[in-house]
Amino acid sequence: PRHESLREISINLFRSNIFEHAKLNPRIVNGACDLVAADRTGGDLDSEMFSKTVNMFHDMQVYTHSFEPRLMEISQEYVVKWADTESAEKSLPEYVRSARALMDREMKRVDMFSLPNTTKRELLTLLEDHLISKKESRLTNQDELADLLEINAIEDLELLYTLLERRKLGAKLRPGFTKWIEDEGTAIVFNDKEQENMVIQLLT
């Protein structure tokens, strides 16, 4: 039979005596999650500590069944609250930019610490669910879309469309766009004071 190395024996002893201890286990897992939570709220991420902790989870082969589920749980709590607050307090273009920035930060952390693809996929799905899909009505609000079209905010409109297209929802902007064209055209056609310039204004 294959003999375990001293390293394997040490890891197994640590896992059974320390990590799986009823009182210590939640403190270890939650402590690692606290490092991520601090980073999300503007604190300093202890990169060295987090990196060592993730490596420890991998060495003990507990990352997938012990750490990742808890990380996803606190991530969902954070993202749901973030999306509700930001979408309520910010204008449409501000929300779009903030949502993109949040997604970039979350993916950068995953890449920085070489977290597994399962974590990356689950986190990205979670972000797109709550920032885009569940905020579809907010992102396609016709009045706010009309405001952006009115001032020809090309960059903001492009960012909005690109964000929606992550979930193949870009076409959801069509009704608002159509309504704006019809409203603008109607206003020009029935503006008695500008009848001489009507065609020029419509073309413009």
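Predicted model, so just to flag it, every value in this text is computed and none were measured.

Asks: What's the story with the nonpolar core in this structure? I'm lost.
Replies: A general feature of soluble globular proteins is that nonpolar side chains tend to end up buried together. Judged by nonpolar contacts, the single largest core of 48 residues is most densely connected at Phe50, Phe57, Phe67, Leu127, Leu131, Leu139 and Leu160. Setting aside its immediate chain neighbours within four residues, Leu127 contacts Val79, Leu102, Met103, Glu106, Met107 and Ile132.

Asks: Would you take a moment to explain the packing of aromatic side chains for this structure?
Replies: The geometry of an aromatic ring pair is captured by two quantities: the separation of the ring centres and the angle between the planes. A complete count under the given rule lists six aromatic pairs for this structure. Geometrically, the ring pair formed by Phe19 and Phe57 is edge-to-face, given 6.0 Å between the ring centres and 65° between the ring planes. Here Phe19 is found in helix 1 (residues 6-19), whereas its partner Phe57 is found in helix 3 (residues 47-59), with 38 residues between them in sequence. Take Phe19 and Phe57: they sit in the same class, and that class is buried. One aromatic cluster is present, formed by Phe19, Phe50, Phe57, Tyr63, Phe67 and Phe113 through successive ring pairs.

Asks: Help me out: how do you make sense of unusual backbone geometry in this one?
Replies: Backbone phi values are negative for most residues with the exception of glycine, while trans is the configuration of most peptide bonds. Unusually for a residue other than glycine, Gln61 sits at a positive phi of about 60°. Looking at the element boundaries, Gln61 is found in the loop between helix 3 and helix 4 (63-89). With a relative accessible area of 67%, Gln61 lands in the exposed category. Within the chain, Lys168 stands out as a residue other than glycine whose phi angle is a positive 55°. Turning to its location among the elements, Lys168 is positioned in the loop between helix 9 (154-165) and helix 10 (174-189). With a relative accessible area of 69%, Lys168 lands in the exposed category.

Asks: Hey, could you run me through empty space enclosed by the protein in this one?
Replies: If a probe as big as a water molecule is rolled over the atoms, it shows which places are left empty. Here the structure, examined in full by the defined rule, presents one cavity of 30 Å³ or more. Val36, Arg40, Phe50, Leu71, Glu106, Arg109, Val110, Leu115, Thr119 and Leu123 together form the lining of the largest cavity. For the lining of the largest cavity, the secondary structure elements donating two or more residues are helix 2 (24-40), helix 5 (92-112) and helix 6 (117-131). The class makeup of the residues in the lining of the largest cavity is six nonpolar, one polar and three charged.

Asks: Before we go on, may I ask you to explain the environment of Ser51 in this structure?
Replies: Note on placement: Ser51 falls in helix 3. Sequence separation of Ser51 and Met112 is 61 residues, and the distance between their C-alpha atoms is 9.2 Å.

Asks: Honestly, the layout of surface pockets in this entry has me stumped. Any pointers?
Replies: Considered as a void within the structure, the largest pocket measures approximately 200 Å³ in volume. Lining the largest pocket we find Glu150, Trp180, Ile181, Glu184, Gly185, Ile188, Gln201, Leu202 and Thr204. When residues of the lining of the largest pocket are traced back to their parent elements, those giving at least two are helix 10 and helix 11 (198-203). If you tally residues by element for the lining of the largest pocket, the top one is helix 10, at five residues. Its residues assigned to classes, the lining of the largest pocket shows four nonpolar, three polar and two charged.

Asks: What is the right way to look at helix 10 in this model?
Replies: Three or four residues apart is the spacing at which side chains of an α-helix point the same way, because the helix has 3.6 residues per turn. Here helix 10 contains 16 residues, and its C-alpha end-to-end distance of 22 Å stays within 8% of the 22 Å for a straight helix at 1.5 Å per residue. Of the residues making up helix 10, those classed as buried are Gly176, Gly185 and Ile188. Considered in projection along helix 10, the buried side chains sweep an arc of 160° and stay on one side of the axis. Looking at the buried positions of helix 10, the neighbouring elements they touch are helix 8 (142-150) and helix 11.

The rules behind each value
- Residues numbered from 1 in each chain as written.
- Predicted model: local features only at pLDDT ≥ 70, side-chain atom pairs only at ≥ 80, totals over all residues.
- Heavy atoms only, no water.
- Core = buried A, V, L, I, M, F, W, Y, C linked by side-chain atoms within 4.5 Å.
- Buried < 20%, exposed > 50% of the residue type's maximum accessible area, 1.4 Å probe, protein only.
- Contact = heavy atoms within 4.5 Å.
- Phe/Tyr/Trp six-rings, centres within 6.5 Å; stacked < 30°, edge-to-face > 60°.
- Helix = DSSP H or I, 4+ residues; strand = E, 2+ residues; numbered from the N terminus.
- 1 Å grid on protein atoms, 1.4 Å probe; cavity = no way out; pocket = protein on both sides within 12 Å on 5 of 7 lines; lining within 4 Å.
- Points joined across faces, edges and corners; volume = space filled by probe spheres on them.
- Nonpolar A, V, L, I, M, F, W, Y, C, P; charged D, E, K, R; others polar.
- Expected span 1.5 Å × (residues − 1).
- Arc of directions from axis to C-beta.

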